[in-house]
Every structure is written in structure tokens, then in C-alpha cells.
Amino acid sequence: MSTSSVTCLKSELDSHADTCVVGKHALVVHEHNKMVNVFSYDPKSKGKPAKIVDALVKYVDPFTGAESLIMINQAIHVDYLDHNLICPMQCRLNGVTVNDTPKFLTDNPTEESHAMILTDPEDAAHQLSIHLELDGVISYFETCKPTQEEYEQSDLPLFELTAPAPDWDPSDPSLREQEASLLDFRGQIIPVDKSTSRGQYRHRLCEVSQDSGDAGLIRRDDDSFALMLEQNVAVTISEVTTRPKIALNHLELAKRWGIPPDRAKQTVQMTTQRGIRTILNAALSRRFSTNDRHLRYRRLPHYVYQDTMFSSVKSTRGNSMSQVFATPFAWSRNYPMARRSQAHEAVGALFNRVGVPLAIISDNAKEEVLGKLRQKLVDAHCPLRQTEPYSPWSNSAELEIRELKKATGRRLLKSGAPKRLWDYCLELESLIRSHTAHDIFKLNGRTPEAMMMGETPDISYICEFGWYDWVMFRDEVAPYPEPKLVLGRYLGQSVDVGPAMSARIIKANGQVVDRSTFRHLTADELQDEVHKATRDDFTKLLHEKLGSAATFADLTLSGDGGRSFLLPTPKHIPYDDVPFDILEEELMPTPESGDEYVNAEVMLPRGNAMQRGRVVKRKRDDDGNIVGTANANPILDTRVYEVMFPDGEVTELAANTIATSMYAQCDVDGNEYLLLEAFVDHQKSDAALTLEQQKTNHNGRPSIRKSTAGWKLCCQWLDGSTSWVRLSELKESHPVQVAEYAVATGIDHEPAFNWWVRHVLKKRDRIIAQVKQRNARYLKKTHKFGIEMPKSVQEALELDKKNGNNLWGDAIKKEMQNVRIAFDILPDGTTAPIGYQQVRCHMIFDVKMEDFRRKARLVAGGHTTEAPPTLTYASVVSRETVRIALTMAALHGLPIMAADVMNAYVTAPNKEKIWTTLGPEFGSDCGKKAIIVRALYGLKSAGAAFRSHLGECMRNLGYKPCLADPDLWMKPEYDPSDSFKYWSYILCYVDDILVIHHQPEDVIKKIDKYFPLKPGSVGKPDMYLGTKLREITFTNGEKAWAMSPSKYVQESVSNCVKHVKANLSDMYSLPKKAINPFPTDYEPMEDGTPELDAEHASYYQQLIGIMRWMVEIGRINIDTQVSMLASHVALPRQGHMCAALHIMAYLRDHHNSRMVFDAHEPEIVKSDFKKYDWQEFYRDAKEALPPNMPPARGRAVDLRLYVDSDHAGDKVTRRSRTGYIIYLNSAPIQWLSKKQSTVETSVFGAEFVAMKHGIETVRGIRYKLRMMGIEVDNPTYVYGDNMSVVTNSSKPESQLKKKCNSICYHAVRESVAMGESLVSHISTDKNPADLMTKTLVGVKRRFLVSKLLYDIYDDHGVAKQ
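All values reported here derive from a predicted model rather than from experimental measurement.

Considering the overall build of the chain
For the chain, the count of helices and strands is 36 helices and 55 strands. Sequence separation of 24 or more characterises 69% of the internal contacts of the chain that already satisfy a separation of 6 or more. Looking at the chain as shown, the accessible area adds up to about 64000 Å², and 51% of this sits on carbon and sulfur atoms.

Some thoughts on the sheet that holds strand 32 (residues 711-717)
If you trace the three strands from one edge of the open sheet to the other, you get 29-32-33, paired in antiparallel fashion. This sheet does not close on itself; its edge strands, each paired only once, are strand 29 (676-684) and strand 33 (722-726). On average, each strand axis in the sheet is tilted by 30 degrees relative to the strand beside it, whichever way the strands run. Here seven bridges tie strand 29 to strand 32, and the two strands are oriented antiparallel to one another. Within strand 32, the residue paired with Asp681 across the bridge is Cys714.

Overview of the sheet that holds strand 41 (residues 914-917)
If you trace the four strands from one edge of the open sheet to the other, you get 36-42-41-37, paired in mixed fashion. Either end of the sheet is taken by a strand with one partner, and the two such strands are strand 36 (823-825) and strand 37 (837-838). Examined bridge by bridge, strand 36 and strand 42 (residues 929-932) share three bridges and lie antiparallel to one another. By the bridge assignment for strand 42, Asp824 is matched with Ile931.

Details of a nonpolar patch on the surface
Side chains of Phe104, Leu105 and Leu134 sit close together on the surface and give an oily, nonpolar patch of about 340 Å² of accessible area. Structurally, the position occupied by Leu105 is in the loop between strand 7 (97-99) and strand 8 (115-120).

Some points on the packing of aromatic side chains
Overall, the coordinates contain 24 aromatic pairs when judged by the stated rule. Their ring planes at 80 degrees and their centres at 6.1 Å tell us that Tyr59 and Phe141 sit as a pair that is edge-to-face. Here Tyr59, found in strand 4 (residues 48-60), pairs with Phe141, found in strand 11 (residues 138-143); they are 82 residues apart in sequence, far enough to count as distant. Ring plane angle 65 degrees and centroid distance 5.8 Å describe the contact between Phe325 and Tyr335, whose orientation is recorded as edge-to-face.

Focus: unusual backbone geometry
It is generally the case that most residues other than glycine have a negative phi and that most peptide bonds are trans. Positioned with a positive phi, Ala330 is a non-glycine residue whose angle comes to about 75 degrees. Looking at the secondary structure, you find Ala330 in the loop between strand 15 (321-326) and strand 16 (332-337). Even without being a glycine, Asp1081 presents a positive backbone phi close to 60 degrees. Among the structural elements, Asp1081 can be located in the loop between helix 29 (1046-1064) and helix 30 (1094-1112).

Focus: the packing of helix 30 against helix 32 (residues 1134-1149)
A pair of packed helices is captured by two measures, namely the crossing angle of their axes and the spacing between those axes. Two numbers describe how helix 30 lies on helix 32: the axes approach to 10 Å, and their chain directions differ by 40 degrees. Judged on the interaxial angle alone, helix 32 and helix 30 are oblique. The handedness of the crossing between helix 30 and helix 32 comes out as left-handed. Of helix 32, the residues touching helix 30 (which contributes His1096, Tyr1099, Tyr1100, Leu1103, Met1107 and Met1110) are His1136, Met1137, Ala1140, Leu1141, Ile1143, Met1144 and Leu1147.

Describing the pairing of strand 31 (residues 701-704)
As defined by bridge partners, strand 30 (residues 695-698) adjoins strand 31 across four bridges and the pair is classed as antiparallel. For Asn697, the partnering residue across the bridge sits in strand 31 and is Pro702. Between the end of strand 30 and the start of strand 31, which pair antiparallel, lie two residues, with Asn699 showing a positive phi angle near 55 degrees.

Some points on helix 6 (residues 250-257)
Those residues of helix 6 that sit buried are Leu253, Ala254, Arg256 and Trp257. Of the residues trailing helix 6, Gly258 is marked for its positive phi of about 70 degrees.

Describing the pattern of salt bridges
Summed over the entire model, instances satisfying the criterion amount to 41 salt bridges. In this structure, the salt-bridge partner of Glu732 is Lys731, at a minimum N-O distance of 3.8 Å. A relative accessible area of 45% places Glu732 in the partly exposed class. For Lys1264, the salt bridge identified is with Glu880, shortest N-O distance 3.0 Å. On the criterion of sequence distance, the pair formed by Lys1264 in helix 33 (residues 1243-1267) and Glu880 in helix 26 (residues 879-892) is long-range, its members being 384 residues apart. Relative accessible area serves as the criterion here: at 15%, Glu880 is assigned to the buried category. Linked through salt bridges whose partners overlap, the residues forming this network are Asp1204, Asp1325, Asp1330, Lys1334 and Lys1340.

Some words on the packing of helix 24 (residues 793-803) against helix 25 (residues 807-819)
Two elements in contact, helix 24 and helix 25, have axes whose closest approach is 7 Å; the angle formed by their N-to-C orientations is 140 degrees. In this view, helix 24 runs oblique relative to helix 25, as classed from their interaxial angle. For the pair helix 24 and helix 25, contact is made by Val793, Ala796, Leu797, Leu799 and Asp800 and by Leu807, Trp808, Gly809 and Ile812, respectively. Split by residue class, the contact of helix 24 with helix 25 holds seven nonpolar, one polar and one charged.

Re the pairing of strand 51 (residues 1199-1206)
Burial analysis of strand 51 places eight of its eight residues in the buried class, the great majority of the element. Side chains Leu1199, Leu1201, Val1203 and Ser1205 project from strand 51 onto one buried face, and the interleaved Arg1200, Tyr1202, Asp1204 and Asp1206 project onto a second face that is buried too. Bridge count between strand 51 and strand 54 (residues 1276-1280): three bridges; the pairing is parallel. Bridging across to strand 54, Tyr1202 finds its partner in Tyr1279.

Some remarks on the environment of Lys813
Mapped onto the elements, Lys813 comes out in helix 25. Overall, the relative accessible area of 18% leaves Lys813 in the buried class. Linking Lys813 and Glu921, residues 108 residues apart in sequence, is a C-alpha distance of 8.1 Å.

Some points on the side chain of Ser1233
Looking at where Ser1233 falls in the secondary structure, it is placed in strand 53 (residues 1227-1235). For Ser1233, a relative accessible area of 6% puts it in the buried group. A polar contact of 3.3 Å, which involves the side chain of Ser1233, links it to the side chain of Arg1217. Setting aside its immediate chain neighbours within four residues, Ser1233 contacts Asp1119, Thr1120, Ser1123, Arg1217, Thr1218 and Met1332.

Brief notes about the confidence of the model for the chain
As a general rule, the predicted coordinates of low-pLDDT regions are not to be interpreted in detail. Of all residues in the chain, 80% have pLDDT values of 70 or greater, and the mean over the chain is 80. Counting contacts from residues 567-593, a segment whose pLDDT is below 50, to residues more than four positions away or on other chains yields 62 contacts.

Some thoughts on the environment of Trp915
Secondary-structure assignment places Trp915 in strand 41. When the C-alpha positions of Trp915 and Ile825 are compared, they lie 9.6 Å apart, and in sequence the two are 90 residues distant.

Quick word on the side chain of Ser434
Along the chain, Ser434 falls in helix 12 (residues 422-434). Residue class for Ser434 comes out buried when judged on its relative accessible area of 0%.

Overview of helix 28 (residues 1000-1010)
For helix 28, the full list of buried residues reads Pro1000, Val1003, Ile1004 and Ile1007. All buried residues of helix 28 lie within an arc of 100 degrees about the axis, which places them on one face of the element. Exposed residues lying more than 90 degrees from the buried face of helix 28 are Lys1005 and Lys1009. Structurally, helix 28 contributes buried residues whose contacts are with strand 40 (896-900), helix 27 (942-956), strand 45 (980-989) and strand 46 (992-996).

Cut-off values and rules
Residues numbered from 1 in each chain as written. Predicted model: local features only at pLDDT ≥ 70, side-chain atom pairs only at ≥ 80, totals over all residues. Heavy atoms only, no water. Helix = DSSP H or I, 4+ residues; strand = E, 2+ residues; numbered from the N terminus. Contact = heavy atoms within 4.5 Å. Areas by Shrake-Rupley, 256 points an atom, 1.4 Å probe, with all protein chains shown as cover. Pairing = 2+ DSSP bridges. Axes fitted to C-alpha atoms, helices over the stretch in contact; angles between N-to-C directions. Patch = residues over 30% accessible without salt bridge, like charges linked within 9 Å, V, L, I, M, F, W, Y side chains within 5 Å. Salt bridge = Lys/Arg side-chain N within 4 Å of Asp/Glu carboxyl O. Phe/Tyr/Trp six-rings, centres within 6.5 Å; stacked < 30°, edge-to-face > 60°. Parallel < 35°, antiparallel > 145°, perpendicular 65-115°, else oblique. Left-handed = near helix turned anticlockwise from the far one by under 90°. Buried < 20%, exposed > 50% of the residue type's maximum accessible area, 1.4 Å probe, protein only. Nonpolar A, V, L, I, M, F, W, Y, C, P; charged D, E, K, R; others polar. Polar contact = N/O pair within 3.5 Å; in protein donor to acceptor, adjacent residues only side chain to side chain. pLDDT = per-residue confidence, 0-100. Arc of directions from axis to C-beta.

If you want it as C-alpha cells, here you go:
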């Protein structure tokens, strides 16, 4: 390989190089803060450091002689290399066309064959065609090193060969993923939408790697890459950083900036404070030459959004608006203006003080896109882009304006500064937000300023003082004998005046001066009464000059199209205090005029992070026709929508994808969780108690009133949003954080805090544990499944108007049509009857999970009334009863139908004396008084009233409640087709009804006459008690009902994976493969790993609760493991968390299971159960039969009990474990795995305790069966695997030698003597109860699980009996 001369060198294309490399004949114009080590091929050689640089070369067209400059950004600089290496992929991702196939090998070659085409980023019509030559098999083009004079020539065109940003990452896995995504499973090309240009595709790739960091800049050492470097070099990453000591600690910074301590700590770590230090500092080199034409300003590697914000108050400088420049990662700058036409001056100030971004993105305001502003952008080589018209929310500056308004308003209110100083406060707030380490994914722990400027920022000039702090400064112009050290207020950093540490200070006369010599007030000055009076006079005089301090009344929405300045954080106004517009009454709701997905907000993957986008509209084809059709089945829904992100980028998504995202970002109820980051402000209203009002007398003794009324705290959530929340709510969800905030801000003496804060801090650890058990998270109530939720009728109508549909209005009208019968409206002027209690009624709103249908419900504030406890009972049938009923339905061959009662509670008469004042949802009756005559939702007695009303219906139909379960209604019936007599059952779970009858349709129709049933709810049961309910058919033709919790299990595992990835990925992960629920040889009781902190312990408790419910609905195979882990919920450890996640991994791999309630008679070898004469030992032993049990109808059933124990299984307490499974015929209906309450010294004792517990449970089931009219003639067949226990419980002559076991011993033997049960031995390998006491693995576990659950293994299906 030849070496080029200094003036003429080769820039060679190397497809194997993953990063461009420049040699000594390139002009380096910018050095990145990254270093790489370059090693020769000889492993014994020492590495040489090399820098990542932006370098410039000059290209001369060999045919025309035209000269151009080419910038190679993010290249490795090897200063001893005589040529350059060009990475074609790095060029292509910058939009450069690289045709590296030689012309003689190209079909129909053109001028663009074997060439590179570069486009001017400022003028798409201006292109540079670089002709490639061949040196052997290597394509290259000749370049030379430009001189400084050539670099500074303004008339020499400049092109970028590679992109300056984002950081180049050749190992980015998304490149491979996007390449693979263009092929289907057959290896054929997937058609690409023609509307997606290659530029957009490249931009998306760049976005993917933007946050990838620096660690993967060079993928690996590579021989080919080394050979192309003249010295056979290989490259590895090394990066060295230094950390100076800090002068201002994070606690002081948190106080001055008003940010949380943890965020302040991170900010201090990610910034410097060189100005505050007094030690000598090393000089900093300039990034760019100041006389450089192209780099006349600092170049910023990010896009910046701009917009104008307005104020209804003219500032002291005559400003009524401000130009905002912002980025999506919370960086911003503000430049106050008096007129809109000054926008170009703000842009000039941005370029001079900060730098020139990659592009400025603006809306369509003409002052932001035309005239002097556009010319200034062209002069600075800064492209201008525009967002879509009429979509202000797509501009990131709008989002930053919102947060700046909130924060500035809070700072003005808290400081008591005159509102005319808003522009000074706004400028300071913008700097503070830009220098704060926000919890934003893109920042990767850095501050926005560091990400924008490319270097660690120094905060000395803004952290030494807080907004509006008292200061003493030297006033050189003060006339004698006035003191030269005078009082003032700090307004922030000076701009373009004096040294870097100069500040703006306002004097008592309203004059703002710039001073570099000033200080804080001393402690003596702060306490001195004379100085206090001076400060009071200062404030009074300043307010006389500039006006009063800002109040909440000043910070309200005014004109200017809703764009007024200083909006406070949104306040949730109670529904009964809002002046609503009266709704027009309509008898029937109008048809839905909107689409359920349009205007929904969803979190979607974008790059390496999740970002919120809004569904804008349906996609249309080239002819303007809507693409796709709706379908109730999401899989068959072919609709396509356009989704817009905050930066204006639009992508197209299918309806199914949007629905999946809407579900994935929410809990099972559709709510998005808001995790608290910090409290940033507080406020109190006139309703708050004063210290004098707090004092009271109770029974003649001095006491205090305990109330949090009138107080709200401003919460900053982890998603970056802020909102005001009542203290009463936060005291319950975050007591410790609230107490710490109260003490830190000095409000703990206030009546809302002084009666509980100190107690909370004293009992901090215990309270944290209790709060975590309650899952102390605040639910985001503003959206559900990404759809904005109204808080009142007025908000609902405004949302309809905003969204261009009538979905919420129709939901309100539909609800009012159903509930109007619950109100007896009194004539005008009539007062409520004596003895009636008043309640407030309001509308609540919901989005249904199935189809995102809007739902409204009118509820009463029943919490304000007093109702007898006996009236608060609701109907809930037990799960054991459901299993028995399903088994009996299969045994008798009876069909089952399900139905839901529509507006269930409203159908029942009200049992309380209640009246209310009608709200705006009542139309013309708004404001009238009415008696509530029906059991309206929200009343304490509503559930009991409905149950009583339901009972009357059941009795009229001939049904009566079962005495063993009052929510099971039964009636003697017979099937005329075969004269078969049986009991018909109706199971009631609040308003869900299951009917078991030979003609259930007739029963449903009769119920419908009493209670209107929901349309579409009548039919075969599908989901019941959280499980999938299906009727299956065996190979012999018999049918049975089966419950499958697979859907619940999959959703739970999916949520667990997301939570672990988002919050626990640094410590925990789900195993990739889990054959068994527990890790091998794991013993939870012997776990000695560190204890979990409060947050992780809370999540562990959630996992245990989820898995216990799985056991309850059919995942019997994990009962033992879950029970073991549940014993440690009070003090979980890291090992317990790993074990819980291991169970979730097992469920991930084995989510499919069905518990079949098989009613066929089991094969019982009755000869194994010996009967003996017990008269001599238990003479009067006889099974007690209920005297009031109904006559048995239908076929008889058998009960089997499999019981086992694990003696001293707990290695710490040496307590044993009881396990049993109870079968009704061949259907499991009850199971248990539980640690025994006493320590047994022998296996014999532990087995007897387990058998006694199981027999007592069976006794209750035998009672329930008889009260359900089911014949139970035979004893319960009890199987145990301990021969000693079997012998002692079945043979009368056996004698007990250990008196400590006498109670269990006689309880079991008496049950056998009375004929209630018989005991026989079973091999431990065949005893399914063994699964409930031990953590089995291998063949034995597989065998026992297969006897209990279907479909859990691939070779086991319901066709096998």
C-alpha cells in the first residue's frame, strides 16, 4: 500500500471498517471528550492513545477543478497514518449515497455509478458528486489537507460526510434488527410504505443509537481493519475523567434551588463549581476558533424547539412575552421580549451565548419562520423546520413552557416577589432546570446542560444564591453619609455584564443593578430586630414601587388564546364547586360519532426508551379512503392510525398494536401508576386550621383538633409531571416522605402536621413497612388506557369538544336514562323531610378494558352517612361452592348459563333515608332537591339492599338460599325428558349470575323480568372469578367444566417482567429457564442474604399476593412454594425475591393449565378400607346429620382426602407442614399447604396433626353438600402414606404411647368410629398430597402434577382420563 503525499492522499473505502479513520493529512477542527487506544498487530507492543475528532479534508473535482470542503465527523485520529479510511455505513446513515460497485461491473452505468453523492444540509438541490477510482480492488478518492485560510473562506462549500450527532455506535443492535425486519419468515422482502423516505429511516436509526453511550464505539479488534491502517493497528476504548472536590454540598443546593436532595446530589456529581473554589485551576482550551466562518458559534449537537410564551403582566423591563428555546430532555433558555418582532434578536442571543443547534424547530407563527429570523438562521447555517399546523402540543417547547410556568409561578408565590419580576425569575428558572439532573432516560444521569454543551457544566454562578434571597452589596454610587453596603434582593445571573459571578440585584426603589461584590446576610443580621425592620421597610417600599406580590388569583388562565403566562400547577376542583353548563335533556343517547382510539395517549418504544405519543387520526390511502375496517376481535381489526410524538415525528400503527400498548402501560384496572419523586411546593387555603382554631375542649379537658383540611402538596412524579394532591391522601400513601418534607420546609408546627409528623418520624421504619404493604403508589387518575379521563361533567363535555366526538356525553346520557328512577324530585321550595340525611352525588368516569368504551356512573357519597353494619353486606358466593356446583352440573348433565344484572343496585329500593341536591347532569332539574328512593351506587346499604331485592326475586321463582352458603339459591326440579330429579342452583356473585338448570334459558328470562340483564351478557359462561371457564368433552363422550387461569398468569408474568426490567434490573432478573418452581436445593427458611429495602419488600409482598391468588384459582402445583415464601413477607430477603422471580419464570414457561371438575366416579378399592367394631371404644359415636337438611336429589357422590406432612421441614423452627387435597368424585375442590402451629417431636405426631386438620375440613364439606341437597352415603376415603398413623386410626385396639398427640389421635379415630371416614395407606410416590408438603422435582413431580392439572405438559391433554 503506497503512502500519499502531504498535499494529495487517498481516502479509501473500507466496508470492513466500522468507524472512519483520519490520518495526519486532515485538519482537525474539534476533539471529542473520548479517547481510544491504538495497538499494533504485535501483542507485545504498547498501545498509543488516539482521539475521536471531527476533521476536515478538501476535495478537488478531477474534471471541473471545483473545490469543496468535506467534514468527517466522529472519526478516529491516527496522527501517523498517511491516508484516511472511510466507513461506508457511517456515511450512508448520514444520508450519503455510496455506490461502491465499479462502473465496469454495473449494468447500464451512469455518472452516479462508482461515486458518492453528498447533499448540502441547507440546500437539498446542491449536491457534490465524488468520483471514485480504483487502486487494485480498493475504491478511493483523492483529498488533501485544507489550509486555515481555505477553512475560513465563506464561499467554499462545505459538506458533511458523516453525522456530527448522535454518538456513533457501530455495534448498535438495532442496525441488525432493522435489516432483519425487512425480510419475512420465507426470506422475502416485506413491502415498505412509499411514504417513508430513506431520510426518515436513517433518522430513526440515529435516534435508536442516540442514547447508546460511548462504550460500544469500536466493536472489536479486527485484522482486516488493522491491515488497512498502515501500522497494523487495533482499537480499544479507554476514557479517563477527573472529579474535582465540591464547595457547595447537595443539601445546600437543594435548599437554594428548591429541588429534592437526591436530585441535588446527582446534580452536584454531574457538574463542577470552579468559580466558587479558590484553588488554582488549569486553563480550558477553546472548542472552536472564534474567527472560523463555519464554526463561528459553538455547534450544538441537538435539535432545539422554539416558541413564544405570553404574560398578561408587563414586567419592569417592559416585557410581555418570552422566546423559549427547549429540547425534549428539559434543556431550555428564555429571552424575554416586548414585541413578537424581536424573536430574531432572541435567536441571535441564543447563538452568541449558547451556540447553534443542528436545527431549530418551530410552529407556523410568521415571526418565527420569516424575515430577519430566517435570515439569521441561514447566516449561521442552522436549518429551520416546522411542525404540523394546528398541533401546538407536538412542539417540545410547548411542554417545557408548561413546566417553566408551573415552576416559575411556584417560585414567585413562595418568595413573595412582585409579579412584575416574572421575566427575571423565568430566566433563572430556565437555567436551574437546565442544570438539574432530571430523571429522564435520554440524560443517562447527566444534566441537560451537559448533554447540550458536551462538557460538564459549572453551576457556581447560579447555585450560590436562591431566587429573591436577601443580600448585602456594595453600592459605589451611594451618596455620603449613606452606607455603601446596602440591602437588596437576588434576581439571578447577570447577562453580558461584568465577571461571570456577577448578579442582578434589585434595590428598594425598584432599580436593578449588576454587582459582582455581594454576600448573604449573616446570622446576626437575620436575627437583629433593627435589620428585620429594615427588611420590612424594603419590602413595603418595593411593593409600592412595583406592585404587590403574586398570588394564586394572578396566576389564572387569561386571554391570548389560552396561552397566558404563569399557569399554576393544575388544581382538581371538587365536582360540586364547578359552575357547569346545563345539559340538554335527551331521551336517547346519540350514536357514537368518534373513534375509540383517536386522541388516546400511548407509550410506545422509540429508540432505546419509551415515549408517549398521541393517536391523531386514521390513515388514508392515495385516494383519500380510510384504510382498514373495525372488528370486535382485535386480531381481525385492520384499521391503521397515525401517531404523533412530541417532537413532531409521525408513525403509522395498526389498531391491534395501539390496543396492546394501551393495555401494557396500565395495571389490571387501566390506571397508570405514578411513582412519587419529590415534593416541590405546598399551599394552604382559608379552610386550613390556625394554631388558635386548633385548640379546643373535650369534656372539659384541653384538646386539639386533628385535621389536614385546606392543605395540598405539589408532587413531582417520576414521569416528569407535577400535580397538586390533597394532604389527606398523601398522609396515607406517603407518610414518611410528607413528614420529612414538613420538617425540611419548616411547616411541621402547622396544625395540619404538628399532631402526627413527629410520631411518624419516630416510628419511621415500622411505618415504611406498613405503607409498603399497602402498595404506597399514587395512581394517575388523569388517563386510563391512555385515554384522558374527565373529573366532572363539564370536563367530559370539554373533552368531547376537543376530541371532536360525543363519547363522554353519550355515556352520561345513557347513565342518566338508567338512574333517574332512583330519584324522587321534590317540588320547588320544598325542604327535605325530617330525619333524612343529605349526601352529595357526582358522576364518575371509566374506560372499559374490553373495547375502550366510555362509561359514566352516578354515585352517592355514602361515606358521609351513618348506616347500621347489618345493612352493608353484599352477596358473594364462595369459590368452594362454585367448584362443587360445576362438578354437580357435569355429574347430572345440566347446562349452565351466565348473565349480568344491568344497573344492579338501582333496581333495589333504598333502605336509608337520604336526600340530595341534583347536579348539572339532570338538565333542567339541576339544583332541585330529591329523595333517593333506590339503592344508588355509593350508599353503604346498596349492596345489602340489592341482595335483599335479589332474594325476593329468587323466592318468587321458587328458590331458597342454601344454609351453608346463603349466596347459593336452590330449587327442587326434574327433567321431564327422563323424569330425573335434581336440585337447580343459581349462584350469585354480586350482579354476576350462574344458572344450573335443564332449561337455563327459561330461568334467565324469568330473572330478566325482575332485573333487566345486560345485553350480550346472557350465554354460556366465559370468564368467572378471574378464570377462563369452558365445557370440555372427554374421549368417552362425557363432559365436564374446566377452569384455566392461563390468561391471569400470563398477564401477571408480563407485568412482573416489565417491573423487574424497569425497576430491579440492576439486581434481579427472571431466569431464562425454570423447569421447577424453586431453584435446586433452595430452602427459604435458611436464607441468610441481606434484607430487602422497603421498596423491594413491597413488591415482594405484591408477588406473593398475586401467586396466592393463582393457587386459589387453580395453580395448585405451586402452593407449597408460595406458602413457604409467604412465611417471610414480614421480613423478606434478597434470596426470597430471587425465589419468587424463579416461580414467575416457571409460570412463564408453564402458564397453560386447566383444572377439570371431572364428575365421573373414582376407582376406589374398598377392600383397602377395613371396617372394625368401635362400640367398645366410642360407644355413642355417630355422624351428626343436619336436622334441617333438604332431601337429597340426584346422584350420590364420594369424597376422598389425600393427606401428608413434612416432618420438621422448617429447618429453623422445626415445625412440620400440613398438606391435603380433597376430591369430590374426581374433581379437586379444596387444597391446602400450611405450616403447623406446633412443633411435633415425631413423624407420627406430625402426620396425625395433618390428618386431623384434613378430616375437620372434610366434615365442613360434607355438611355443605348435604345442605345443597347432595347425597353423601359413603364415608370419606382418607389416604395417608404413614403406616403407623393408618394403623392407629383404623384399628380399635391400637394404643397411643405419646400423650401429647392424644387430641389429634382421638379426633381422627372418632371420625372413623362414627363412619364419617375410613383410612387406608397409599404409597408416597402416588400420594398427590406429597406435592403440598415438599418441593418435589423430576419425574415424581411431573407424575403428581399430571394427576391434578391438564395441559401443563405437552403430552398431557384433556382427552386422557
